[in-house]
Amino acid sequence: MEVNSKFTSLFHRPRCLAAAAPGGKAKLTHPGKAILAGGIAGGIEICITFPTEYVKTQLQLDEKANPPKYRGIGDCVKQTVHGHGVRGLYRGLSSLLYGSIPKSAVRFGVFEYLSNHARDEAGKLNSTRGLLCGLGAGVMEAVVIVCPMETVKVKFIHDQSSVNPKYRGFYHGVREIIRTQGIRGTYQGLTATVLKQGSNQAIRFYVMTSLRNWYKGDNPNKAINPVVTGTFGAIAGAASVFGNTPLDVIKTRMQGLEAHKYKSTLDCAVKIMRHEGVRAFYKGTVPRLGRVCLDVAIVFIIYEEVVKVLNTVWKTE
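Reference entry: report on the structure contained in this document. (Residues numbered from 1 in each chain as written. Predicted model: local features only at pLDDT ≥ 70, side-chain atom pairs only at ≥ 80, totals over all residues. Heavy atoms only, no water.)

**Looking at the packing of aromatic side chains**
Taken as a whole and assessed by the stated rule, the structure comprises eight aromatic pairs. When the centroid spacing of 6.1 Å and the interplanar angle of 80 degrees are considered together, the rings of Y215 and F232 count as edge-to-face. Highlighted residues: Y215 in helix 7 (residues 190–216) and F232 in helix 8 (residues 226–255), separated in sequence by 17 residues. Owing to a relative accessible area of 26%, Y215 belongs among the partly exposed residues under this scheme. An aromatic cluster of three or more residues is present, and its members are F108, F111, F205, F300 and Y303. The ring of Y215 carries the charged tip of K222 above its face, separated from the ring centre by 4.5 Å. (Phe/Tyr/Trp six-rings, centres within 6.5 Å; stacked < 30°, edge-to-face > 60°. Helix = DSSP H or I, 4+ residues; strand = E, 2+ residues; numbered from the N terminus. Buried < 20%, exposed > 50% of the residue type's maximum accessible area, 1.4 Å probe, protein only. Lys NZ or Arg CZ within 6 Å of the ring centre and 35° of its normal.)

**As for the nonpolar core**
What tends to happen in soluble globular proteins is that the nonpolar side chains get buried as a cluster. Counting 29 residues, the largest nonpolar core has A37, F108, F111, F300 and Y303 as its most contacted members. Residue assignment for this core shows that the elements contributing at least two residues are helix 2 (31–61), helix 4 (93–116), helix 5 (127–160), helix 7, helix 8 and helix 10 (285–313). For this core, the leading source of residues is helix 10, giving 10 residues. With sequence-adjacent residues up to four places away left out, F300 is seen in contact with F108, F205, M208, R212, T229 and G233. Ranked by size, the runner-up nonpolar core spans 13 residues in total, among them L59, L89, L96 and I157. (Core = buried A, V, L, I, M, F, W, Y, C linked by side-chain atoms within 4.5 Å. Contact = heavy atoms within 4.5 Å.)

**Quick look at helix 5**
Taking 1.5 Å as the rise per residue, helix 5 with 34 residues should run 50 Å; its terminal C-alpha atoms sit only 42 Å apart, a clear shortfall. At A142, helix 5 shows its maximal kink, close to 55 degrees. Of all 34 residues in helix 5, 25 are buried, a share of seventy percent or more. You can read the cap of helix 5 off the contacts: a side-chain oxygen lies 3.2 Å from the backbone nitrogen of T128, and it is on N126. (Expected span 1.5 Å × (residues − 1). Bend = angle between axes of the 7 residues up to and from the residue. Polar contact = N/O pair within 3.5 Å; in protein donor to acceptor, adjacent residues only side chain to side chain.)

**Brief notes about the layout of surface pockets**
What the second largest pocket holds in volume is close to 370 Å³. Broken down by element, the lining of the second largest pocket gets its largest block of residues, three residues, from helix 10. (1 Å grid on protein atoms, 1.4 Å probe; cavity = no way out; pocket = protein on both sides within 12 Å on 5 of 7 lines; lining within 4 Å. Points joined across faces, edges and corners; volume = space filled by probe spheres on them.)

**Let's talk about empty space enclosed by the protein**
The full count for this structure, using the stated rule, is three cavities of 30 Å³ or more. Within this model, the largest cavity holds a volume of roughly 170 Å³. As for the largest cavity, its lining consists of 17 residues, of which K103, E150, K196, R291 and D295 are closest to the centre. Breaking the lining of the largest cavity down by element, the ones donating at least two residues are helix 2, helix 4, helix 5, helix 7 and helix 10. With five residues, the single largest contributor to the lining of the largest cavity is helix 7. The residue makeup of the lining of the largest cavity, split by class, is three nonpolar, four polar and 10 charged. (Nonpolar A, V, L, I, M, F, W, Y, C, P; charged D, E, K, R; others polar.)

**Points about the pattern of salt bridges**
According to the stated counting rule, one finds 10 salt bridges in the structure shown. Two residues, K251 and D248, come together in a salt bridge whose shortest N-O distance is 4.0 Å. Taken together, the positions of K251 and D248, both in helix 8 and three residues apart, correspond to about one turn of that helix. The burial state of K251 is the same as that of D248; both residues are buried. One salt bridge connects E305 with K308, and the closest N-O pair in it is separated by 3.1 Å. Taken as a pair, E305 and K308 lie in helix 10 at a separation of three residues, close to a single helical turn. Of the residues examined, E305 reaches a relative accessible area of 29% and is grouped as partly exposed. One continuous salt-bridge network, built from bridges that share partners, spans K196, D248 and K251. (Salt bridge = Lys/Arg side-chain N within 4 Å of Asp/Glu carboxyl O.)

Keep in mind that these numbers describe shape and distance, not what the molecule does.
This is the structure we're talking about:
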């Protein structure tokens, strides 16, 4: 009972925000604006960074037992372009684009909703609450959007590396997956995805909240330059990569065309450790690091700028 009381008080929204804040009353972002701005940011970002995501996924699927098809990042890009042209680096983009827009929309919408209720009387969100709000946003986006989206994306990319690709496009691929495996076929690796996305957003929003609080000091409404926002985003992205790459590797294996080899998320982790060693858990770290840092920096910059525009045309206070 005491735990429930503490949890409730943690997210209880104060009646008067930032009454004594030096910068005036703290300005909150309406969840509706967050959903719209997040969707726009997610769509633009994925179009810019997808090739690095493609290479990362290919390297993670390139298991030692095959034997390895690629000798590294450069070789993966070279073979893909040679065999499928530059467009090959964008195979699977449609499935990720269709999911990236609602994913970012859900992430920022849920985060702003939770954070608006978690701020103190000065309108400030501390790092711990930022972490919890990020965790909530990550779990929600994992269940609603990310798991089915990532499963389809990984199957598409894995399918291209097979001798006779069987998916002719996004809709055909989704139809075939559901026809042969049912809806469950689009929810493979749910546990790993929830763990990955939850920890991902918890780490990122914890770092972003900490850096923002440090930068703003006692003025919660102090403006942040887009370059500074991008720098903070890149740092948050790097922290999340080093914090949960093993979960990302397990998730990718659980969603690939050979997912049937694993009985569960734990079984997948055990088999990777037994047959490939600890280093296998960090396969694709370099390309993922580059993509995620750029990804998070771009998303936060676009998100913040779109919110500024929306604030001028959409009055919610």
